[in-house]
Amino acid sequence: MPSSLHPDRLLPVDAPARAVARRLYEAVRDLPILSPHGHVDPRLLVDDRPFNDPASLLISADHYVTRLLHACGVPLDELGVGQGPLPEQQARRAWRAMCAHWSAFRGTPVRYWMEAELVEIFGVTERPAAATADRIYDGIAARLADPAYRPRALFRRFGIEVLATTDDPADDLAAHRALAADPEWTARVVPTFRPDRYLEPGAGWAAAVARLGEAADIDTSDYDGYIRALEDRRRHFIAHGATSADHSHPDVGTEPLTHGEAARIHQAALQGTASEAEGVAFRRHMLLEMARMSCDDGLVMTLHPSVRRNHHAPTHHRYGPDTGHDIPLRAEFTDALRPLLHRYGTAEGFHLILFTLDETVFTREIAPLAGFYPSVYAGAPWWFLDAPDAIRRFRRAVTETAGFSRTSGFVDDTRAFCSIPARHDMSRRLDCGYLAELVTEHRLDEDEAMETAVDLVTTNPRRAFKL
Amino acid sequence: MPSSLHPDRLLPVDAPARAVARRLYEAVRDLPILSPHGHVDPRLLVDDRPFNDPASLLISADHYVTRLLHACGVPLDELGVGQGPLPEQQARRAWRAMCAHWSAFRGTPVRYWMEAELVEIFGVTERPAAATADRIYDGIAARLADPAYRPRALFRRFGIEVLATTDDPADDLAAHRALAADPEWTARVVPTFRPDRYLEPGAGWAAAVARLGEAADIDTSDYDGYIRALEDRRRHFIAHGATSADHSHPDVGTEPLTHGEAARIHQAALQGTASEAEGVAFRRHMLLEMARMSCDDGLVMTLHPSVRRNHHAPTHHRYGPDTGHDIPLRAEFTDALRPLLHRYGTAEGFHLILFTLDETVFTREIAPLAGFYPSVYAGAPWWFLDAPDAIRRFRRAVTETAGFSRTSGFVDDTRAFCSIPARHDMSRRLDCGYLAELVTEHRLDEDEAMETAVDLVTTNPRRAFKL
Amino acid sequence: MPSSLHPDRLLPVDAPARAVARRLYEAVRDLPILSPHGHVDPRLLVDDRPFNDPASLLISADHYVTRLLHACGVPLDELGVGQGPLPEQQARRAWRAMCAHWSAFRGTPVRYWMEAELVEIFGVTERPAAATADRIYDGIAARLADPAYRPRALFRRFGIEVLATTDDPADDLAAHRALAADPEWTARVVPTFRPDRYLEPGAGWAAAVARLGEAADIDTSDYDGYIRALEDRRRHFIAHGATSADHSHPDVGTEPLTHGEAARIHQAALQGTASEAEGVAFRRHMLLEMARMSCDDGLVMTLHPSVRRNHHAPTHHRYGPDTGHDIPLRAEFTDALRPLLHRYGTAEGFHLILFTLDETVFTREIAPLAGFYPSVYAGAPWWFLDAPDAIRRFRRAVTETAGFSRTSGFVDDTRAFCSIPARHDMSRRLDCGYLAELVTEHRLDEDEAMETAVDLVTTNPRRAFKL
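Residues numbered from 1 in each chain as written. Chains lettered and ligands numbered in written order. Predicted model: local features only at pLDDT ≥ 70, side-chain atom pairs only at ≥ 80, totals over all residues. Heavy atoms only, no water.

**Some points on the overall build of chain A**
In step 1: In terms of regular secondary structure, chain A is built from 21 helices and nine strands.
In step 2: Over its C-alpha trace chain A gives a radius of gyration of 23 Å, about what one expects of a compact globule, namely 23 Å for 467 residues.
In step 3: Buried residues in chain A amount to 63% of all 467 residues.
In step 4: For chain A, restricting intrachain contacts to residue pairs at least 6 apart in sequence, the fraction spanning at least 24 positions comes to 77%.
In step 5: Accessible area for chain A stands at about 15,400 Å²; split by element, carbon and sulfur atoms hold 51% of it.
In step 6: Between the centroid of the 53 positive side chains of chain A and the centroid of its 67 negative side chains there is a distance of 3 Å. (Helix = DSSP H or I, 4+ residues; strand = E, 2+ residues; numbered from the N terminus. Rg over C-alpha atoms; globule rule 2.2 N^0.38 Å. Buried < 20%, exposed > 50% of the residue type's maximum accessible area, 1.4 Å probe, protein only. Contact = heavy atoms within 4.5 Å. Areas by Shrake-Rupley, 256 points an atom, 1.4 Å probe, with all protein chains shown as cover. Lys, Arg positive; Asp, Glu negative; His and termini not counted. Charge placed at Lys NZ, Arg CZ, Asp CG, Glu CD.)

In structure tokens form, the structure reads like this:
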């Protein structure tokens, strides 16, 4: 029984809305992909080597896939997690595990994306299952040897116009420089400044701050040098095309410290004597500082707080971070961001994009904030919420208060390179479906819906992320 | 391209449900409007002067409109916020700004209401846009000069039977008295007792308490006098037709203080020496006192807590309150109201209507409370939630636990006079749509749905608000 | 006007989805009922006496019914709450009150279930109303005298294969033993270990701990004996067929204490000198201990926290617990369960099923946890959330992150014996409707949906609850 990708998938089921949605989708289906936030490694495109095997490409490094298999009792070892490119036997074993548990993905976006990848990219015509696993594996493996399946060729085939990576402030950005210098490479691959670890005193912080100082060639052993080093690295990123800085902390508190207090905690934290509360206070102060720098240097500020990282310590110790057990927490933006927005909420050119994994803040906090402050944009639903029903809930929650223009446009936020087209296509279908429902309920005229559908994949991400 | 108001707008899209919804809506469409909570100034109706201009009527005083324009970069100055009736040039400039940003309102209820107002009240046939702004302005301005567009004429045309205003306890209610004494005025315009500022010690509290004392002609410099003055002003309001008292605090805590402790904090607060914690304790005690008074004098108690008022201090300082940046907070009712409901939850004749901007409490707290306590009603979704999808979520969240009879009926809560009919019509369409879905899913018979649809715009608000 | 039970009730309204849903439902409609969590008294089946009267069977003991009537102003006395089998006159009065307020149940699942019970079990053909109350009462009363309406006959007619009861750890389980020993009784009626009161120091705790010791014949006056007694009673339950232990505390905190600290608080609590904070710490420690025991003895652990029990103290004092005013609170699982999951989250054979009344945790916490930990299952929506729209929200919230296989299957959680078939049927219809929507949106093939629909009422509850 072949898998199928119906042309009307995800569009509204009732006939009048589906007809409108088809027309809207037709207008956006083939527009280039703008990916202003994600986790693809730029060296993939610099090196342009063939992908090693189907499992390390499609399974092992994608915690969206491995986490549910783990819940079904498949050990992460068997899936090749944390092992890089896999030897053939191991890759095949991981692939078989995924196929054997294909039914576990029913109703999840992983199934939806993976199906699209298998069919549209790799020409697979069978449904994954224990019995078909090896045939599908062999088919994909054969294609990976074909130059048309190298990273750059796929990148072009996917129609990606801009791809943002996520990078450490101490990174020299050599990969981005190499791409920019390569006359054969014309797409934009831009870095994103992700300074979390440099802003959170605690284990490893002194080493990180020293590394930052080396990268900037500035002495970071005092607070002023530390601040100047951060400013310097942001300039370095901007010089390499960065348009945004990305921040993910346990909360988005932004209480200022006096200069003296900040300097004092900086010292204490370097010496390992700062209390946990001082560390938190310093981090909140620094998030405010990041906003100040964004007002100065123009980097868009994106926030996605309130996740308990590495929830299962034993798995973290064995496999490292990003292995599928970051678990969301309640989020709060209204009071936490008040000091920041008091200062910079109406600052010319300042952009602050708010993402959440706690859906309750969409109507309660994010939409009201984005519906008043010129700086605030409602970020697309991401991670656990990057899925059909969640995306529909997002539009229904945010639009009535903040409209469409105050939303960021879609971000794929992915390290699964081959899933990028399917994710953007999913988002386009769902937005067209939502707009079609507004039209059939006579809340919007179709020409307006058409304009909005196109804006959401062009104007909105360009404006919000300053692409 | 003319705007249009389709007769089936907001009704369910699928044919069988739409057919039922049409029949239900037909039965309620033209019923009189009961508006038991809102912010129209009663002097508007006493004076009955022509409205000054389109912008100050439809834009400047309505923070639902100005907030989103502000988010789009239009300064509040340009919109005439806080400036009262506008000179022609300035009014036209505000109007043009709104029309030029018309697309920002796509998918919001402001667009939906405004379109209805433009078409149905003012006969506008063009879609707002930069190119049409002046023609639309001129058309409306011309009509405003017509006696048929004076406040009283519009009030009658809107079919309003009862309109509740929101008033300061020290208000002499002269406007209400004037209307009641006017033989040509037959509709009910009733005041609502809104004592928030008199219950929250802090800046300006001593002056407010003194003002209260003057209004009541009672010495409020001791706690007992203060209590008696509040009771006196409530009687004054009741004598002028009030049926409810409205309360909006940061939370709905209702912990009692001893008489001695309350008196002590009252003194300290008058002298400006009460701590913030004492102020909060006093306010929570006083909310409980308000419930006690409601049990005595019969005023319905409405609560709508958990908003951070005036979130952007610079805007507040420049333009005052109600300028579009009150941002919701998480709400909690279960434990906060327990002391109050312990005492008065089953008291004969006591009515407590719970409103929220935090949708999470609809299923979790409000519906369970309204589904047990005879005094508790689930208030209609208001403010940011007074919108099609949010209203649908409300019914789906509350009905399964509390049914229909425990809900308050619609409140428009608006200071935008011309939006009243569109808002009530929107609510009627949505409730009919929800009921029609219950019928087509065979969860309700159509005769029951019909009775319920009528109840929701007649019996429910009359009962909950004691109209 | 007769009530009606349309064959397509609750299925999707639009034609293509309804057609798919009908086929799915056809496949599961008549499958046996597995009821792994509920509150039916097992002595009902041991004694097999005729039910006394319609009101005590269908109204008085079911707080889903009485709570909304109480909200409508009917005193609980009039409904026979807490009075056991009612004399005819009183039963008739309670019945009349329910019929007279039938409209209050519109849109609630009580109406939906009750209608099914009246029509399908008792052959009632009239809609409840003041005018029909006595005729309906007489019809049901007549049938209750018929042997076909005795508990065992109904149990068989309902097609129940497994029924779990909820039992006190000190219960000798004589009723379960009697059923197991009865050669004429072939269905499984298994106990559930519900130790809440033995884990929460406070009023009555010392007596409870002593009772536990007597039941286990172990001295519980020291901590080690107390632990051994709990282990012993769990073995007793397992020997009588129990497969799960059920826990409901104000929160699911699971912070460990040292043995010495636990023993110290145990002593203090027995002597009544433990502080409230110590009591909470002890309870959280003991929940962790329960998980440890579950790893040892295999009892599935079910959690349903965050309800303020007996919210209205006066009603509690007069009528006792479970009288309709348990009101939900905000829930938090991510951090609260971290210590437990750190230790036992990947333990072989450990099952932890998470239920909630706070829907916000479905996407934010429960689905992410169930989508990673092999031990964690997302429990079905229960209590206030056991209703059509809430069940739909549950599937839409959980499936995209955790799929279907990580959900528990339906639990009816009811003490209303006659509502069991209607509740399970409702759940089957809704799950088939959700699956049909996935099929018509081309997110799932119909053969997969069919397999899943069957799994959800067979494999899923058997696996999650180890039936």
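Don't stop here, the text continues.
**Here we look at the domain arrangement of chain A**
Residues and elements named next belong to chain A.
In step 1: Assigned domains within chain A: domain 1 (52-149) and domain 2 (152-464).
In step 2: Computed over C-alpha atoms only, the centres of domain 1 and domain 2 are separated by 29 Å.
In step 3: Across the domain 1 to domain 2 interface the summed buried area is about 2,100 Å²; carbon plus sulfur atoms make up 61%.
In step 4: The interface formed by domain 1 and domain 2 holds one salt bridge in total.
In step 5: Between aspartate 77 and arginine 318 there is a salt bridge whose closest N-O contact spans 2.4 Å.
In step 6: If you look at where domain 1 meets domain 2, you find five residue pairs in polar contact (both at pLDDT 80 or more).
In step 7: Of all the secondary-structure elements, those providing two or more residues to the side of domain 1 that touches domain 2 are helix H3 (54-60), helix H4 (63-71) and helix H6 (109-121).
In step 8: Examining the composition of the side of domain 1 that touches domain 2, we find that seven residues originate from one element, H6, more than from any other.
In step 9: Residue classes in the side of domain 1 that touches domain 2 are distributed as 15 nonpolar, one polar and five charged. (Domains from an automatic or database assignment. Buried area = accessible area lost by both parts, 1.4 Å probe. Salt bridge = Lys/Arg side-chain N within 4 Å of Asp/Glu carboxyl O. Polar contact = N/O pair within 3.5 Å; in protein donor to acceptor, adjacent residues only side chain to side chain. Nonpolar A, V, L, I, M, F, W, Y, C, P; charged D, E, K, R; others polar.)

**A word on the sheet that holds strand E5 (residues 300-303) of chain B**
Residues and elements named next belong to chain B.
In step 1: Ordered in space as E4-E5-E8-E9, the four strands form an open sheet in which the pairing is parallel. Of all the strands in the sheet, the pair left with one neighbour each is strand E4 (244-247) and strand E9 (376-378). Neighbour-to-neighbour, the strand axes of the sheet open up by a mean angle of 25°, direction not taken into account.
In step 2: As defined by bridge partners, strand E8 (residues 352-354) adjoins E9 across three bridges and the pair is classed as parallel. Bridging across to E9, leucine 352 finds its partner in valine 376. (Pairing = 2+ DSSP bridges. Axes fitted to C-alpha atoms, helices over the stretch in contact; angles between N-to-C directions.)

**Remarks on the interface of chain A and chain C**
In step 1: On the chain C side, the residues contacting the 49 residues of chain A number 43 residues.
In step 2: Of the roughly 4,000 Å² buried where chain A meets chain C, counting both sides, 51% is carbon and sulfur surface.
In step 3: The largest share of the area that chain A buries against chain C comes from Arg106, His311 and Arg330 of chain A, three residues that together contribute 19% of it.
In step 4: One can count ten salt bridges joining chain A with chain C.
In step 5: Across the pair glutamate 441 of chain C and arginine 392 of chain A runs a salt bridge, and its minimum N-O distance is 3.2 Å.

**Examining the relation of the copies chain B and chain A**
In step 1: Aligned on chain A, chain B shows an RMSD of 0.0 Å; the corresponding rotation is 120° and the shift along the axis is 0.0 Å. One copy is carried onto the other by what is essentially a three-fold rotation axis.
In step 2: When the interface residues of chain B are mapped onto chain A, a mere 4% of them are again interface residues, pointing to distinct binding faces. (Least-squares fit on C-alpha atoms with pLDDT ≥ 70 in both.)

**Considerations on the interface of chain B and chain A**
In step 1: Listed as interface residues are 49 residues of chain B and, on the opposing side, 43 residues of chain A.
In step 2: Each partner contributes to the roughly 4,000 Å² buried at the junction of chain B and chain A, and carbon and sulfur atoms together form 51% of this total.
In step 3: For the pair chain B and chain A, the interface holds ten salt bridges.
In step 4: The tally of links between chain B and chain A comes to 32 residue pairs in polar contact (both at pLDDT 80 or more).
In step 5: Listed by contribution, the elements that provide at least two residues to the side of chain B that touches chain A are helix H4 (63-71), helix H6 (109-121), helix H15 (313-319), strand E7 (327-328) and helix H18 (388-402) of chain B.
In step 6: Ranked by residues supplied to the side of chain B that touches chain A, first place goes to H18 of chain B with five residues.
In step 7: In terms of residue class, the side of chain B that touches chain A is built from 21 nonpolar, 13 polar and 15 charged.

**A short note on the sheet that holds strand E3 (residues 188-190) of chain C**
All names here are of chain C.
In step 1: Strand order in the open sheet made by the three strands is E1-E2-E3, with parallel pairing throughout. Edge strands, defined here as strands with exactly one partner in the open sheet, are strand E1 (33-35) and E3. Adjacent strand axes in the sheet meet at a mean angle of 10°, parallel and antiparallel pairs treated alike.
In step 2: Looking at chain direction, strand E2 (residues 160-164) and E3 are connected through three bridges and run parallel. Bridge assignment links leucine 163 to a residue of E3, and that residue is valine 189.

**Observations regarding the environment of glycine 84 of chain C**
In step 1: Structurally, the position occupied by glycine 84 of chain C is in the loop between helix H4 (63-71) and helix H5 (88-100).
In step 2: For the pair glycine 84 of chain C and serine 60 of chain C, spaced 24 residues apart in the sequence, the C-alpha separation amounts to 7.9 Å.

**Brief notes about the pattern of salt bridges**
In step 1: Summed over all chains, the structure comprises 153 salt bridges over all chains.
In step 2: Across the salt bridge formed by glutamate 400 of chain A and arginine 443 of chain A, the nearest N and O atoms sit 3.0 Å from each other. Of this pair, glutamate 400 of chain A sits in helix H18 (residues 388-402) while arginine 443 of chain A sits in the loop between helix H19 (420-440) and helix H20 (446-457), and the two are 43 residues apart along the sequence.
In step 3: Judged by its relative accessible area of 8%, arginine 443 of chain A falls in the buried class.
In step 4: Of the charged contacts in the structure, one is a salt bridge between aspartate 358 of chain C and arginine 364 of chain B, with a shortest N-O distance of 3.2 Å.

**Thoughts on H19 of chain A**
Residue and element names in this part refer to chain A.
In step 1: Compared with the 30 Å implied by 1.5 Å per residue over 21 residues, the 30 Å span of H19 between its first and last C-alpha is a close match.
In step 2: Of all 21 residues making up H19, 19 are buried, and the element is well covered by its neighbours.
In step 3: One or two residues past the end of H19 sits histidine 442, with phi positive at roughly 60°. (Expected span 1.5 Å × (residues − 1).)

**A closer look at the pairing of strand E5 (residues 300-303) of chain A**
All names here are of chain A.
In step 1: Residues Val300 and Thr302 line one face of E5 and the alternating positions Met301 and Leu303 line the opposite face, and both faces are buried.
In step 2: In terms of strand pairing, strand E4 (residues 244-247) meets E5 through four bridges, oriented parallel. Looking across to E5, one finds that serine 244 is bridged to valine 300.

**Side note on the side chain of histidine 351 of chain A**
Residue and element names in this part refer to chain A.
In step 1: Topologically, histidine 351 is positioned in the loop between helix H16 (338-344) and strand E8 (352-354).
In step 2: Of the residues examined, histidine 351 reaches a relative accessible area of 11% and is grouped as buried.
In step 3: At 3.3 Å, the side chain of histidine 351 forms a polar contact with the backbone oxygen of arginine 463.
In step 4: Residues in contact with histidine 351, not counting those within four places in the same chain, are Val300, Met301, Ser375, Tyr377, Arg463, Ala464 and Lys466.

**Brief notes about the state of the cysteines**
Linking two cysteines covalently through their sulfur atoms gives a disulfide.
In step 1: Under the defined criterion, the tally for this structure stands at zero disulfides over all chains.
In step 2: The thiol sulfur of cysteine 418 of chain A is not disulfide-bonded, and the nearest other cysteine sulfur, from cysteine 99 of chain A, lies at 15 Å. (Disulfide = S-S within 2.5 Å.)

**Regarding the packing of helix H1 (residues 15-28) of chain B against helix H19 (residues 420-440) of chain B**
Residues and elements named next belong to chain B.
In step 1: Look at H1 against H19: their axes get within 8 Å of each other, and the N-to-C directions meet at 135°. Taken together, H1 and H19 sit at an angle that is classed as oblique. Note on packing geometry: the crossing formed by H1 with H19 is right-handed. Of the residues in H19, those touching H1 at Pro16, Ala17, Val20, Ala21, Leu24, Tyr25 and Val28 are Asp425, Arg428, Arg429, Cys432, Gly433, Leu435, Ala436, Val439 and Thr440. (Parallel < 35°, antiparallel > 145°, perpendicular 65-115°, else oblique. Left-handed = near helix turned anticlockwise from the far one by under 90°.)

**Observations concerning the packing of aromatic side chains**
In step 1: In this structure the tally under the stated criterion is 60 aromatic pairs over all chains.
In step 2: Ring plane angle 80° and centroid distance 6.2 Å describe the contact between phenylalanine 355 of chain C and tryptophan 382 of chain C, whose orientation is recorded as edge-to-face. Taken together, the positions of phenylalanine 355 of chain C in the loop between strand E8 (352-354) and helix H17 (360-370) and tryptophan 382 of chain C in the loop between strand E9 (376-378) and helix H18 (388-402) put the pair 27 residues apart, joining distant regions of the chain.
In step 3: Of the residues examined, tryptophan 382 of chain C reaches a relative accessible area of 3% and is grouped as buried.
In step 4: Within the aromatic cluster, the residues linked to one another by ring pairs are Trp205, Tyr223, Tyr226 and Phe282 of chain A.
In step 5: Arginine 423 of chain A extends its terminal NZ or CZ atom over the ring of tyrosine 64 of chain A, reaching a point 4.8 Å from the ring centre. (Phe/Tyr/Trp six-rings, centres within 6.5 Å; stacked < 30°, edge-to-face > 60°. Lys NZ or Arg CZ within 6 Å of the ring centre and 35° of its normal.)

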